[in-house]
Structures are given as structure tokens and as C-alpha cells.
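Reading the structure
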Amino acid sequence: MTTPLLSIKGLTKAYPGVVANDDVSFDIGHNEVHALLGENGAGKSTLVKMIYGLVKPDSGTMTWNGQPFAPSEPKAARASGVAMVFQHFSLFDALSVAENVALGMENPPSMRDLARRIRRVSETYGLPLDPNRTVGDLSAGERQRVEIIRCLLQDPKLLIMDEPTSVLTPQEVDILFQTLNKLKAEGTSILYISHKLEEIRTLCDHATILRLGKNVGECVPAQTSARDMAEMMVGDTLQTPTRTTEKAGDVVLDVSGLTLEPSNPFGTTLKNIHFTVRAGEILGIGGVAGNGQDELLAALSGEALTWPDAIKVNGKDVANLGPNARRDLGILAAPEERLGHAAAPDLSLTENALLTGAIREGLSNKGFVNWSKTAEFADKIIKQFDVRTPGNHVAARALSGGNLQKFVIGREVLQRPEVLVVNQPTWGVDAAAAASIRQALLDLAAGGAAIVVISQDLDELMEISDRFGALNEGRMSDIRPAAGLTIDEIGLMMGGAHGMEVANVGDQQEGAGA
Amino acid sequence: MIALQKRPTPSRALSLATPLIAVLITMIMGGALFAVLGKNPLEAIRTIFYDPVFGEFAFYYRPQLLVKAAPLVLIAIGLSLGFKAGIWNIGAEGQYIIGAICGAAVGLAFYPTESRLIFPLMILAGALGGWAWGMIPAFLKVRFGTNEILVSLMLVYVADQLLASMSLGLLRNPEGMGFPGSRNFSDFPAASSWINEAAGLHWGMAFAFIAVIFAYVLLNRHILGFNIRLTGEAPRAARFAGVNPTRLILFCLGTSGALAGLAGLFEVTGPSGQINIDFASGYGFTAIIVAFLGRLHPVGILLAALLMALTYVGGDLAQGNLGLPSAAIQVFQGMLLFFLLALDLLTNYRVVLKKKGAA
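Residues numbered from 1 in each chain as written. Chains lettered and ligands numbered in written order. Predicted model: local features only at pLDDT ≥ 70, side-chain atom pairs only at ≥ 80, totals over all residues.

What follows is about the overall build of chain A. Each helix and strand in chain A was counted, giving 17 helices and 23 strands. Computed over the C-alpha atoms, the radius of gyration of chain A is 24 Å, within 12% of the 24 Å expected from 2.2 N^0.38 for a compact globule of 514 residues. On the principal axes, the C-alpha backbone points of chain A span a range of 70 × 50 × 40 Å. For chain A, with 514 residues in total, the buried portion stands at 48%. Excluding contacts between residues fewer than 6 apart, the proportion of contacts in chain A whose partners are at least 24 apart in sequence is 69%. (Helix = DSSP H or I, 4+ residues; strand = E, 2+ residues; numbered from the N terminus. Rg over C-alpha atoms; globule rule 2.2 N^0.38 Å. Buried ≥ 20, exposed ≤ 12 C-beta atoms within 10 Å, placed from the backbone. Contact = placed C-beta atoms within 7 Å.)

This is the structure in C-alpha cells:
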């Protein structure tokens, strides 16, 4: 057996109160795409940070091509040939692609040289990208290409990718996978972090599964079913949400000709959006992040006011009503950003229950807050949505992302909405909690509410929506029944592969030559 | 190695304890400073902190404490509402001056009529004057997005000039032989804020007390107080909760202006006695320290104002008795704020001793 590229033995890293990695061992071979699979909080990020030199392990060793490997900082890891594409991009909107790449280099060559090298790499690996474009104008997929190219210019032996497809359309995912396969063929190993099982099955040669910081199993993804991998990841049998067949009722939410300028300069303008949602129906809205999802939620929640008659609920024009007036009518919302938007980080859960519950739960009388009733409401949310917390006095920021998400969704669901709009309801939530949130939404719909679910998780949308539409650059695609939609059709609704129109001539030649 | 670690939840106990610890450290460091200056540190500390309250002449100094604390409480309570919401009114000094001018002008217009209605009318005028001065930065912020810190601060200097102009012109005492300054309110019983001058009690103290209770109820029991806190903690969440930021800015700047105006009115008709060029005494700025020292909490502000008044009165005493330079007293007051802000870190972070990482 040949020496693996990177061999990890007994890595352990503990933070106060939690062991992030507990005696994790595995090998990454040469020319291998290795998946690191696990739920949120399973310790994937800590592990790759140790490989990339951002975090020092408490104990355990790593060997790189048989040599001891203990990078003290990312620079040392990069020097050995480790490169990483982070989930959150670190790019400057106002600079061009080439300038951004130059910023990450120790000895940047002249701009002209660099642009030429970027062009060459982008052509070789089928990553269409113009080095002179301003990053602020790029789609999320294109930004990711900038990050990948930045890594490829270092000629890495091991490329770490953290949840790379969460911002891509299905077509863009295909392009990425072609690139990764090509890299593999040329001798670069890839450590691919994800919780999307189907992706891992198509792309990866080996998978290591982490649960609660421990290595709980390895498998060859192509020979293992997605369900088996999921159960290894969760450590339990999965509850699939069930839906009772219900008949859709009358139109409750009627959006017609909704046009809205964004409140901040980097927002997306909503352009002439039309859709209706009936009682008992779930409308799923997909799309790559940053295509108007936040703005749509703001327009529906009342945080942004719109032209008269753009939004009607049960025939009543609500376009000019603020959030509280809409809550009074039963229109509730749960924004994507939990800390700072849906909840105030430093306020207690009780106070956060008051944040949206004051009107419908009758928590205040002539402006005076009934704190004991508010605490009861908070306790009810904590109990019914299984929010793990020492009590209702705890600050929202002390809760894990998943627990806070359960609180935020529970707070709205328990207020008996007639219309509920949620953005990314299960983002960063573990599989079991995600399933219970989806079940709560399905139950709410079965009870006659009209629900809009905005999400970037297509599997989630296909699982719970009755009809599906996608946002692309502030425009809404046609709304179609969710049952029977193919992944290709969905991808086209989401706008296909962003930026393919700027694909280089070289890229086409490459394509023609292949 | 010493490292800071963020606490999951801010420590409540420490947020209450830090002002006390800060006072303690200030005493120790201040004592050291006085020792370096060649004074007996224990005696100096005793003169500042003990004598005004329990010393031989405490009967004289205790009312002084209330006289100094009352305007500080009134102004700081108003400021704390805005500070909690992230609205920074730095110009309370200006609102204090304008409140005094407006209230005094109304009173002087009736001189020498004696009527029970005059003083309430003056209170109203003082509050309105401060309110209007506070509404200038509020309106500019809401309408044009200007920075309220700069606008309110610059308006202090405008108010200063207005004060000079008033004491030399419109409000000058016609029987004052040409000296600058208005008539003295001690000669005008209907317009005096003293309830009992010998005991050092004036209406400003009553209003300060009411303001503390009012603010406490507002912040802890009322949805408007909740919205103020929410806006300061998470502006986006506040919008989501239906808070109208425009109305909140107008409310906070207006209220703090009105309270500062009231403080000015009670000061000019009581302890100060007349509109004069040197009427402005820095209460509006000191109140900023008081507001933070009191944790932006109404009861805390009450205690902080008393403590601040103590350093003023005790500082004067130490200057007179021990010959401490006044700059040393100011350094002493500065230390207090410095240590408080430094210790503030501990409510959100804990200090941990780390062993050097095994490399």
C-alpha cells in the first residue's frame, strides 16, 4: 500500500464544554475525492481548520506524504500544498477579480501577468471567469470560482472545499463537479465537506462520517445508499415528514405586480412578481442566495412597504401596512438571519417571545407588558418545539443555531398564522430538528394556513411544497406544481448556470477540443 | 497566558458589581496619586468620600450633594433612554442652557407679578425649550440622515452664544447697573424653584425622583421601553418587530431634551439664581458619565449621580482643606469612568488563564 497523501491519527480538540473532535483518524489518498460528512456541529469545521493550520489540535498527529505535518498557521499549510475554499467568501465587492486574487498572494505578479494566469487556469478547468470584472457584479457561483481559482494558482496537492454547493444552481453544481474531477485526474486530492448525500454519492471516492466529534464510520459512497449514510450521520433512524392529503382552499395570499427597490445598495430589486397561495398550500420558492429572497420576505412581512394592491390577503390590500398591522391580520414571518433579525442576540428568550408575539398573543395591555404571560408563551415555544435551553431567561445568542431556529419558527407557528412566510427555515439545523420543523409547517398547512417557504435547499422544497417557483435576479419564474419537476427543470427556473454567457472563447475552444 | 473568553450570557452579577469595583479601584489608584502629590492618601480619600456625608460639617454638605445630583439625574435619565436605543445625544448641555433661558424668560416676563401659575408655566417653557433644542438634531437626522452626535454637540456652542447674548441683551437686569446677567430669581418668590432653601430642597429634586420612577416603569414594564432596548440591541430585529425608527428617534431626543431643559430651568431659578454668561456648568456633559456609570439603569443613575456629586463636593473640600490641585480631582473623576469602562469588559468576557499550548 502506498503512503497516503494525508494521514490523520487520533486528532482531538476540545473547547470549554464541548469536545469538537474526539480521537478522529482517517487517511486521504492521492488522486482521491474524500468526503467529510456530518451534521452541523459534528466537528467537520474544526477538523479542517486543524488541517489548514487555523486551529491547533490538543493531541493526535498528522502526516503529509509520510512526513510529520503540524502547520502552525495557514501560511505553513499552504506552503505544504493545502488550499481551502471557505463556505463564506472573503472577497472585496469593489475590486476586480484579479485584484482580489492578488490580495491573497504573498508575492503577487503584475496585474497583466496575473490576469493571464487567471484566464489560463479558468480555461483549463472549465471555470468561466473574466479577471477584469468587478466582484460586486458576480453571482454567488462566480464568486466561488474566484475563490477556487485563487486556490488553484497555488498548485495545491489537497483542496479543501467547505459546503461548496450551497450557493449553486444544479447546472453550476455540474460545472463544479467536472472541474473537481479534472483536478482529481491531474493528481490533486480533494477533501469535500457536505451534508448533501446525493452529491457525495456522485462525486466522492471515500467518505468519513463524523458524529458529535467522533469518526463513526467510513464508506464508499457509490456503494452505500443515501439513507444508510444519513442514519450513520444522525445515529438514529430518520423520520420522514408525512403529509396528509389536503384540498387547497381559497386564495389567501395574492401577490401581483410586486416591485420593490432594495433598502440597501447591495440588495436585489424585486421585479414585477406575481403569485398566489391558497389556504392549506405550501408554495416553495427556490433560487440561489442573493436573488431577492430577503427582499421578498421584507415585502411580505411588512418591513418594506410596497405599492397599493401589490399584496392582498383574503382580498384585503395590505401593501401599506407595517409588520404589526399585518400580524394583527394573521400574516407572520420568520426571516433567515436568526441573530439580529429574527431574534435579538442579547435579549432573553422571554423578551424575544415578546418581539413578535405581543400583538397576537395579547402580551401587552395599553402598552404595558404582561411579563408573566410572555414567559408562559416562551415556555410553550420551548416545550412544544423541543428547544434545548436551561430556561427562558437565557440570552438568544447562547442557544445553538438549530435550537434558536426551532424557537424562531415555533414562535410564529404557535401564533396560529393565516399566512406564514419563512426564509431558510432549516438552515444550519440538524437533520432531526429539520424534520420536525418541516413537519410543523406541513401540519400548519393541513390546518388551513397559506405558507410560503423560501429556501436554498431544493430537497427540502421538493419534500414539502405543493407548488414551486424560483427567484432569479429579483424575478419570479412561473409557478409550477412541485410533483414531477425534474432537477433540470428546476435548475432552468433558477436561471441555469450563472455567468455562462461570459464563458471565455478559450473555454469554448477547450469544449470543442474535448 | 491570560486570555479573554466570551460569556454565553452577559453576567448579571458582574454588571451590578463592576461600578462598585470601579469605585474601589479608583479610590486605591487615586490614593496613590495623592500620595505621589505628597498628601496623606487616607486623609484625602476620607475628605472626598466621608467628610461630606458624615463629617463635622455634613449638615452643610449633604444638601449640597442633592443640589448637585438633581440636574445630573434629570439629564442622565433622558440621555439613558436614547443611549439604550443607540441614539447619541451629546448636546444635553445645550438643551440645558436653552431650557434655562426659555423658562427664565417666561418668568421674567411676569416680573414682579406674584401668582401661583407663573412657576408651572416656567416649567413648561423650560421643558419645551429643551425639547425644541433636542428636536433640531432629531429632525435633521430623520429628514436628512445627519449624525446626531455632531449636530447636538455643535448646538451646545450655539446655545452658549445665545446664553451670552441673552445675559448681555434681552434678559439683562434693567436695574443691574449694566452688569451682565438677568434679575436674580431669589428676589422673585413666585418664580423660585426652592422648596426650602435652608434644607437645600428644590423642585428639581422632586422632578428627578419622578423621572427615575417614570423611566423605570417605561423600560421594564412598557412596550415602548422594550422597543427602545430592542432598537439598541438589534436594529434589524426592531424593524421586524414593527418599531418605527423615526418615531423612536424623535421620542428619545425630544424626551432627553425636555428633561435637560427642565434641569436647566430648576437650576437657573434655584441654585444658580440668574441667567448669566457662566451659567453653563458642564452638567450636560457630566451627565453622560453618570448615565454610563449608572449602567443606563434608572436606579443606577440615581446612585451614580449621588456619587458624582460626592466627588464634586468632596473634591472642593479637599481643595480647600488639603490644598489638592483641582486638576487632581478631575483626574480622579476621569479614573472612575476609565476603570468602569475597562471593567465593563468582564460582563461579557471572562478572564481565563491558559497554559501555553503544547506545540
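So, on to the overall build of chain B. Secondary structure summary: chain B contains 13 helices and four strands in total. Its C-alpha radius of gyration of 22 Å places chain B within 12% of the 21 Å reference for a compact globule of 359 residues. Projected onto its principal axes, the C-alpha positions of chain B cover 85 × 60 × 35 Å. Counting the 359 residues in chain B, one finds 48% classified as buried. Sequence separation of at least 24 residues holds for 79% of the intrachain contacts in chain B that already meet a minimum separation of 6.

Geometrically, the link from B:Tyr111 to B:Pro112 is a cis peptide bond, its omega value of 0° lying close to zero. With respect to the element layout, B:Pro112 can be found in the loop between α4 (92-110) and α5 (118-144). The phi angle at A:Asn65 is positive, at roughly 55°, despite the residue not being glycine. Mapping A:Asn65 onto the fold places it in the loop between β4 (59-64) and β5 (67-68). Using a count of 14 C-beta atoms within 10 Å as the deciding quantity, one classes A:Asn65 as partly exposed. A positive phi angle, close to 70°, is found at A:Asp309, a residue other than glycine.

The interface is formed by 18 residues belonging to chain B together with 26 residues belonging to chain A. Secondary-structure elements contributing two or more residues to the side of chain B that touches chain A are α8 (223-233) and α9 (235-240) of chain B. The element that contributes the greatest number of residues to the side of chain B that touches chain A is α8(B), accounting for five residues. Considering only residue class, the side of chain B that touches chain A consists of 10 nonpolar, four polar and four charged. (Nonpolar A, V, L, I, M, F, W, Y, C, P; charged D, E, K, R; others polar.)

All names here are of chain A. Pairing is antiparallel across the open sheet formed by four strands, whose spatial order is β12-β11-β14-β15. In the strand order of this sheet, the two ends are held by β12 (270-278) and β15 (316-317), each with one partner. Pairing of strand β11 (residues 251-260) with β12 involves six bridges; the strand directions are antiparallel. Along β12, the bridge assignment pairs leucine 260 with leucine 270. (Pairing = 2+ DSSP bridges.)

All names here are of chain A. Across the five residues that make up strand β3 (residues 33-37), a large majority, five, are buried. Neither face of β3 is left uncovered, since the one carrying Val33, Ala35 and Leu37 and the one carrying His34 and Leu36 both have all their residues buried. Where β3 and strand β9 (residues 206-211) come together, four bridges link them in parallel fashion. Looking across to β9, one finds that leucine 36 is bridged to threonine 208.

All names here are of chain A. Pairing within the open sheet is antiparallel, and its four strands lie in the order β2-β1-β4-β5. The open sheet has two free edges, formed respectively by β2 (18-28) and β5, since each of these has just one partner strand. Summarising the sheet, strand β1 (residues 6-15) and β4 pair through five bridges and their orientation is antiparallel. Along β4, the bridge assignment pairs isoleucine 8 with methionine 62.

Residues and elements named next belong to chain B. The N-to-C vectors of helix α2 (residues 41-54) and helix α12 (residues 298-322) enclose an angle of 130°; their axes lie 8 Å apart at closest approach. Here α2 is positioned oblique relative to α12, judged by the angle of their axes. The chirality of how α2 crosses α12 is right-handed. Of the residues in α12, those in contact with Glu43, Ala44, Thr47, Ile48, Phe49, Asp51 and Pro52 of α2 are Leu310, Thr311, Val313, Gly314, Gly315, Leu317, Ala318, Asn321 and Leu322. A per-class count over the contact of α2 with α12 returns nine nonpolar, five polar and two charged. (Axes fitted to C-alpha atoms, helices over the stretch in contact; angles between N-to-C directions. Parallel < 35°, antiparallel > 145°, perpendicular 65-115°, else oblique. Left-handed = near helix turned anticlockwise from the far one by under 90°.)

Our focus in this paragraph is helix α1 (residues 44-51) of chain A. Counting buried residues in α1(A) gives eight out of eight residues, a clear majority hidden from the surface. All buried positions along α1(A) are accounted for by A:Lys44, A:Ser45, A:Thr46, A:Leu47, A:Val48, A:Lys49, A:Met50 and A:Ile51.

Counting residues in hydrophobic clusters, the biggest one holds 239 residues, and the most contacted among them are B:Leu72, B:Val73, B:Leu74, B:Ile75, B:Ala76 and B:Ala305. If one sorts the elements of this core by residue count, helix α3 (residues 58-84) of chain B sits on top with 14 residues. For this core, the domains that each give at least three residues are domain 1 (6-234) and domain 2 (251-493) of chain A. Every residue in contact with B:Ala305, bar those within four places of it in the chain, is listed here: B:Ala69, B:Leu72, B:Val73, B:Ala76 and B:Val290. Core analysis: the next-biggest nonpolar cluster, separate from the first, contains eight residues, B:Phe34, B:Ala44, B:Ile45 and B:Ala318 among them. (Core = buried A, V, L, I, M, F, W, Y, C linked by C-beta atoms within 7 Å. Domains from an automatic or database assignment.)

Here the focus is the confidence of the model for chain B. Per-residue confidence for chain B averages 90 on the pLDDT scale, and 98% of its residues sit at or above 70. Here the predicted complex carries an ipTM of 0.84, next to a pTM of 0.78. (pLDDT = per-residue confidence, 0-100.)

This part takes up the domain arrangement of chain A. All names here are of chain A. The domain architecture assigned to chain A consists of domain 1 (6-234) and domain 2 (251-493). Placing the centre of domain 1 and that of domain 2 at their C-alpha centroids yields a distance of 32 Å. Taken together, the contact pairs 14 residues of domain 1 with 14 residues of domain 2. Listing elements by their share of the side of domain 1 that touches domain 2, those giving two or more residues are α5 (140-152), α6 (170-185) and α8 (226-234).

Turning next to the pairing of strand β10 (residues 214-219) of chain A. Residue and element names in this part refer to chain A. As paired strands, β9 and β10 are joined by five bridges and run antiparallel to one another. Residue pairing across strands places arginine 211 opposite lysine 214, the latter belonging to β10. Hairpin connection, β9 to β10: the antiparallel pair is bridged by two residues, and leucine 212 has positive phi, about 50°.

Residues and elements named next belong to chain B. Within the secondary structure, glycine 181 sits in the loop between α6 (148-168) and β2 (194-196). Residue glycine 181 is classed as partly exposed on the basis of its 19 C-beta neighbours within 10 Å. For glycine 181 and leucine 163, which are 18 residues apart along the polypeptide, the C-alpha to C-alpha distance reads 9.7 Å. Look past the residues within four positions of glycine 181 in its chain and what remains in contact with it is Ser167, Arg172, Asn173, Gly176, Gln274, Ile275 and Asn276.

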